[in-house]
Amino acid sequence: MNRETPPTIYLKDYTPPAWWIDTVDLDFVVETGATTVTARLALRRNPAVAAQPLVLDGEDLETLGVSVDGQPATFVATPTSLTLTDLPDACTLTTVVRIDPDKNTRLSGLYRSKDGYFTQCEAQGFRRITWFLDRPDVMSVYTVTLHADKEAFPVLLANGNPVAAGDEADGRHWAKWADPFRKPAYLFAVVAGKLDVLRDSFRTASGREVQLAIYVEPGKLDQCPHAMAALQKSMKWDEERFGLECDLDHYMIVAVGDFNMGAMENKGLNIFNTKYVLARPDVATDVDFENIDRVVAHEYFHNWTGNRVTCRDWFQLSLKEGLTVFRDQEFGADLHNRQTARIREVRGLRAAQFPEDAGPMAHPIRPASFVEINNFYTSTVYEKGAEVIRMIQTLIGRDAFRAGMDEYFRRHDGQAVTCEDFVAAMAAASGFDFTQFMRWYNQPGTPKVVVDGHYDPLERSYTLTCTQSNPRASDDAPALIPIRVALFTEADELIAGSERTLQLTANSQSFVFNDIGDEPVPSLLRDFSAPVNLEFDYTPEQLTLLLAFETDPFNAWEAGQRLASTLILGAAAEIAAGRTPQWPDSFTAACRRLLQTQRERGAAFVAEALTLPGETTLAEQLEIVDPDALHAARNGLRRHLAEQLEGEFSGLYAALTVKEAYAPDSEQAGRRALRNLCLSYLLELDSDALRRLAYAQFREADNMTDQFAALAALANINAAVCVQREEALAEFYDRWKDEALVVDKWLQVQSTSRRPDTLATVKALTQHPAFDAGNPNKIYALIRAFGANLVRFHAADGSGYAFMAERILLLHERNPQVASRLARSFDRWKKFDADRQAHARAALEKIRAHPGLVRDVLEVVERALG
Ligand code: TRP
Ligand code: ZN
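Residues numbered from 1 in each chain as written. Chains lettered and ligands numbered in written order. Predicted model: local features only at pLDDT ≥ 70, side-chain atom pairs only at ≥ 80, totals over all residues. Heavy atoms only, no water.

Asks: Quick one: what's the story with the overall build of the protein chain, residue by residue and with numbers?
Replies: The helix and strand tally for the protein chain stands at 28 helices and 31 strands. Computed over the C-alpha atoms, the radius of gyration of the protein chain is 28 Å, within 12% of the 29 Å expected from 2.2 N^0.38 for a compact globule of 866 residues. The 866 residues of the protein chain split such that 59% are buried. Long-range contacts, defined here as pairs at least 24 residues apart, represent 70% of the contacts in the protein chain between residues at least 6 apart. Split by element, the accessible area of the protein chain, about 32,600 Å² in all, is 50% carbon and sulfur. Separation of charge centres in the protein chain, based on 92 positive and 121 negative side chains, amounts to 1 Å. (Helix = DSSP H or I, 4+ residues; strand = E, 2+ residues; numbered from the N terminus. Rg over C-alpha atoms; globule rule 2.2 N^0.38 Å. Buried < 20%, exposed > 50% of the residue type's maximum accessible area, 1.4 Å probe, protein only. Contact = heavy atoms within 4.5 Å. Areas by Shrake-Rupley, 256 points an atom, 1.4 Å probe, with all protein chains shown as cover. Lys, Arg positive; Asp, Glu negative; His and termini not counted. Charge placed at Lys NZ, Arg CZ, Asp CG, Glu CD.)

Asks: Tell me what's going on with the sheet that holds strand β20 (residues 263-264), and back it up with residues and numbers.
Replies: Hydrogen bonds along the backbone pair up the strands of a sheet, which may run parallel or antiparallel. Strand order in the open sheet made by the 5 strands is β17-β18-β19-β21-β20, with mixed pairing throughout. A strand with exactly one partner marks an edge of an open sheet, and here the two such strands are β17 (196-203) and β20. Here strand β18 (residues 209-216) pairs with strand β19 (residues 250-256) via 5 bridges, running parallel. Along β19, the bridge assignment pairs Gln211 with His250. Sitting on the sheet, helix α2 (residues 286-302) is in contact with β19, β20 and β21 (269-273), with an inclination near 150° to β21. (Pairing = 2+ DSSP bridges. Axes fitted to C-alpha atoms, helices over the stretch in contact; angles between N-to-C directions.)

Asks: Lay out the nonpolar core in plain terms, naming residues and giving numbers.
Replies: With 292 residues, the main nonpolar core has Phe28, Phe422 and Tyr441 as its most contacted residues. Tallying contributions element by element places helix α10 (residues 553-576) first for this core, with 11 residues. (Core = buried A, V, L, I, M, F, W, Y, C linked by side-chain atoms within 4.5 Å.)

Asks: Which residues make up the sheet that holds strand β31 (residues 533-536), and what values do they have?
Replies: Strand order in the open sheet formed by 4 strands is β29-β26-β25-β31, with mixed pairing between adjacent strands. The open sheet has two free edges, formed respectively by β29 (508-514) and β31, since each of these has just one partner strand. When strand polarity is set aside, the average angle formed by the axes of neighbouring strands in this sheet is 20°. In the sheet, strand β25 (residues 448-456) pairs with strand β26 (residues 461-469) via 9 bridges, with the strands oriented antiparallel. Of the residues in β26, the one forming a bridge with His454 is Thr463.

Asks: Lay out the pairing of strand β5 (residues 62-68) in plain terms, naming residues and giving numbers.
Replies: As defined by bridge partners, β5 adjoins strand β9 (residues 90-99) across 6 bridges and the pair is classed as antiparallel. Each residue of the ladder has a partner; that of Thr63, found in β9, is Val97. The pairing of β5 with strand β6 (residues 71-72) spans 2 bridges and is antiparallel. The residue bridging Val68 from the neighbouring strand is Gln71, located in β6. Connecting the antiparallel pair β5 and β6 is a turn made up of 2 residues, with Asp69 showing a positive phi of about 50°.

Asks: If you had to explain the pairing of β21 to someone new, which residues and values would you point to?
Replies: For a regular strand, side chains alternate in direction, first toward one face of the sheet and then toward the other. Most of β21 sits out of view: 5 of its 5 residues are buried. Neither face of β21 is open: one carries Leu269, Ile271 and Asn273, the other Asn270 and Phe272, and all of them are buried. The sheet contact formed by β19 and β21 spans 5 bridges and is parallel. Bridging across to β21, Met252 finds its partner in Leu269. Examined bridge by bridge, β20 and β21 share 2 bridges and lie antiparallel to one another. For Met264, the partnering residue across the bridge sits in β21 and is Ile271.

Asks: Give a description of the site of ligand 1 that names residues and reports values.
Replies: Surrounding ligand 1, one finds 16 residues, the nearest of these being Glu122, Ala263, Glu265, Glu299 and Tyr382. Between ligand 1 and the protein, one listed contact pairs a nitrogen atom with a side-chain N or O atom of Gln120 at 3.2 Å. A distance of 3.4 Å separates an oxygen atom of ligand 1 from a polar side-chain atom of His298. Alone, ligand 1 offers 370 Å² of accessible surface; in the complex the protein occludes 97% of this. Counting residues per element, the ones that place at least two in the shell around ligand 1 are β20, α2 and α3 (317-335). Sort the elements by how many residues they give to the shell around ligand 1 and α2 lands first, with 3 residues. (Near = heavy atom within 4 Å. Polar contact = N/O pair within 3.5 Å; in protein donor to acceptor, adjacent residues only side chain to side chain.)

Asks: Could you give an account of the packing of aromatic side chains, naming the residues involved and the relevant values?
Replies: Scanning the entire structure with this criterion turns up 39 aromatic pairs. Considering the side-chain rings of Trp304 and Phe409, the 5.2 Å spacing of their centres and the 75° angle between planes classify their relative orientation as edge-to-face. Taken as a pair, Trp304 in the loop between α2 and β22 (310-311) and Phe409 in helix α6 (residues 398-412) lie far apart in primary sequence, 105 residues in all. Between Phe793 and Phe826 the ring centres are 5.6 Å apart and the planes differ by 70°, which places this aromatic pair in the edge-to-face class. Placement of Phe793 in helix α24 (residues 790-793) and of Phe826 in the loop between α26 (816-823) and α27 (834-849) is noted, with a sequence separation of 33 residues between them. Each member of the pair, Phe793 as well as Phe826, carries the same accessibility label: buried. The structure contains a cluster of three or more aromatic residues connected by ring pairs, namely Trp237, Phe242, Tyr251, Tyr300, Phe301, Phe326, Phe331 and Phe401. (Phe/Tyr/Trp six-rings, centres within 6.5 Å; stacked < 30°, edge-to-face > 60°.)

Asks: Would you mind going over the side chain of His631 in detail, with residue names and values included?
Replies: Following the sequence through the fold, His631 ends up in helix α15 (residues 627-644). Look at His631 and you get buried, because its relative accessible area is 11%. Apart from the residues within four sequence positions on either side, His631 is in contact with Glu615, Arg754, Val791 and Arg792.

Asks: Just give me the short version of the coordination of the zinc ion (ligand 2), but keep the residues and values in it.
Replies: Within the protein, the zinc ion (ligand 2) binds to His298 (NE2), His302 (NE2), Glu321 (OE) and Glu321 (OE); these donor distances fall in the range 1.9 to 2.7 Å. Metal-centred angles of 46 to 160° between the 6 donor atoms at the zinc ion (ligand 2) mark the site as irregular. Sequence spacing among the residues donating to the zinc ion (ligand 2) works out to H-x3-H-x18-E. On the criterion of helical spacing, the pair formed by His298 and His302 is a turn pair, its members being 4 residues apart in helix α2. A residue is classified by how much of its surface remains accessible, and His298, at 7% relative accessible area, is buried. (Donors = N, O, S within 2.8 Å, 3.2 Å for Na, K, Ca; no water. Tetrahedral: all angles 85-135°; square planar, octahedral: opposite > 155°, others 65-115°.)

This is how it looks when you write it as structure tokens:
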């Protein structure tokens, strides 16, 4: 293969920039077919660094002119760099470039979407707009002028404050914006479009009035109030919890239907995927409403954790992302339901981050190297990063953590800093020594902690011995692992004084509890105090006791998950050996008790507790995965529970009806979640009456949560004929074909179906008018979701792999970021049997051999083939 190997970038090679850019003045002339960008940069040599030429970054730019202090300049240009030598120590560089946003299918830089032009500059999109030092430690003050056709693009936005606007010849107009805050280029944004706007305001604690605006596709204003309320709640929450006020006069959110990720925190001008803005009870589910709260908060919180204090380099990404996810998690927990929030966080971590950390793309939350930075916007950097921040809070306590945040801003406001700087502020505020803790930033892999309990009746003492290991780490040095524990008596009582946070700092270490009258049941890793796999040799009786009586809801849930995992994995082995699995009555009885106590324990909790661990999570516990056996085992247990508990499920289904007007609050959402869980169990039974019940719910629901839950349950049915299924799918599309986000749900419910013909359906849907091969949301809903459908993607004949390879090669040049995310479907290919591995290898090799393969996909595929 004659391909140039793309360079690897290393953290250890970091050097400060040779030049600063103090101010940036940009002028955009937006015309159909081309946009002309004139940039005036006030340059200044960095006196701390030996003199070097100026080397600017660029990509897909057509250079029309380059001048220094008003004089045409000599320069050396390559496709990705513009070099100027012999510059004075301070000067003004003016460049004029032409770009073609109408042809920008990568959705990085300036691009066209249905209602106008939008930008995405993180991580390295600004260089696709103009020549620049496109790195986060170069911070500048920006002024921006936009010119465009007034009729087609009446709304012209940029970061900061509007300073002037006016009309021009030929039906055109212009607007000038000034952002008073220094910022790195990745936070730059402009929008030129035809959009509706919802306006409101927020008065900060110190009495400043912030103007709020949400811009959306015309006709969608009635889907904006929830996001606006979420923004106001976030602003208030950050004042109360962290003493952080909004520093802006204008805070704008713009929703766009073509967007690679969830949303982007551009200073004062967030750009969002429509998925995280638009909501109305009939088109969005309870989970959608909650996700909108979280994402709106996330981007708002970045204004301090990311924007006021930013990253020195992209290796420090978790500095802003881990911390901001932790903040949005805490906001979500306060706003909704803290118990189930934590359960869902851990469920998500185990479904995505643990597999990532055990696979070919494993990396520390601060990677040491990368080929393509966009490949490192991962569940590790985000979600494990948030767990690391949470551990800091667990170790030093909430008050010291708050003092550490204050210290972080006192030290670093306006700077571009490193993860060490953050931890140093926490250390200064708390006196805690984080030296050993830094291992969490530098090592990949999920540590395993094996715990052994020993009761000594003579001493009346109980000893927990914890042994840690992490085969993915580069050495055997131990991590600092906070393990929250409590002890319970066999008679279901929490032993007073036994609640502790153990600090495991050695490879193996013992912790003694004194004055313990009888052999206790330990509850370990309460509230999931560290992102580790913890093993303890529990008996089913002990787990059943914890499920019923543990006062920490996370660990009660965890006990249930351990019970279910053991049963399902045991059954999968039975099925693989050709035997029929047996299910113990004790588990059914424990589930029955959960259903009976839903009032006291909360419907939301019970719904989580009765949701069996997912196939992807279960697969991680196996050496070699037989996806068909695993699938049969998990669904076998669901069906068994449905048979045994039909009366309870039916009774609760009737009892839990929500009679009040729909509201996406946690109380109602919990009831709907449990009721719909009952329905999904009931549909495991081959009963036409129950299918009609689901179809009736589908037809009569006045909200998307109930409508979609019924559709999803029906979509899994694998009967030769199931009229309810066919009709529900057809009616759903017919009713919602003009609501893009609902169409995504329709695609996803089919690509995630258990049915054996799912791949054929997915293939057919790629030809359906509902699908758009350039739109990330559609690709994620249909193709990526299929890649996460364990049993269907890993079909024994390799058809799932071949299909995915084909889609990746169709997409990679059009949108490298999204193609690379699809390529991650192959991450765990080595966990399957030899035949499947041979098919997966062939698919991966086919991708790798493709001439001109983009480096985003190449990095993922090379690591997978290892
Ligand atoms: N910083 C964004 C966030 O976490 C993530 C993001 C949005 C992004 N768009 C992107 C990252 C495009 C890489 C590429 O909120
Ligand atoms: Zn973020």
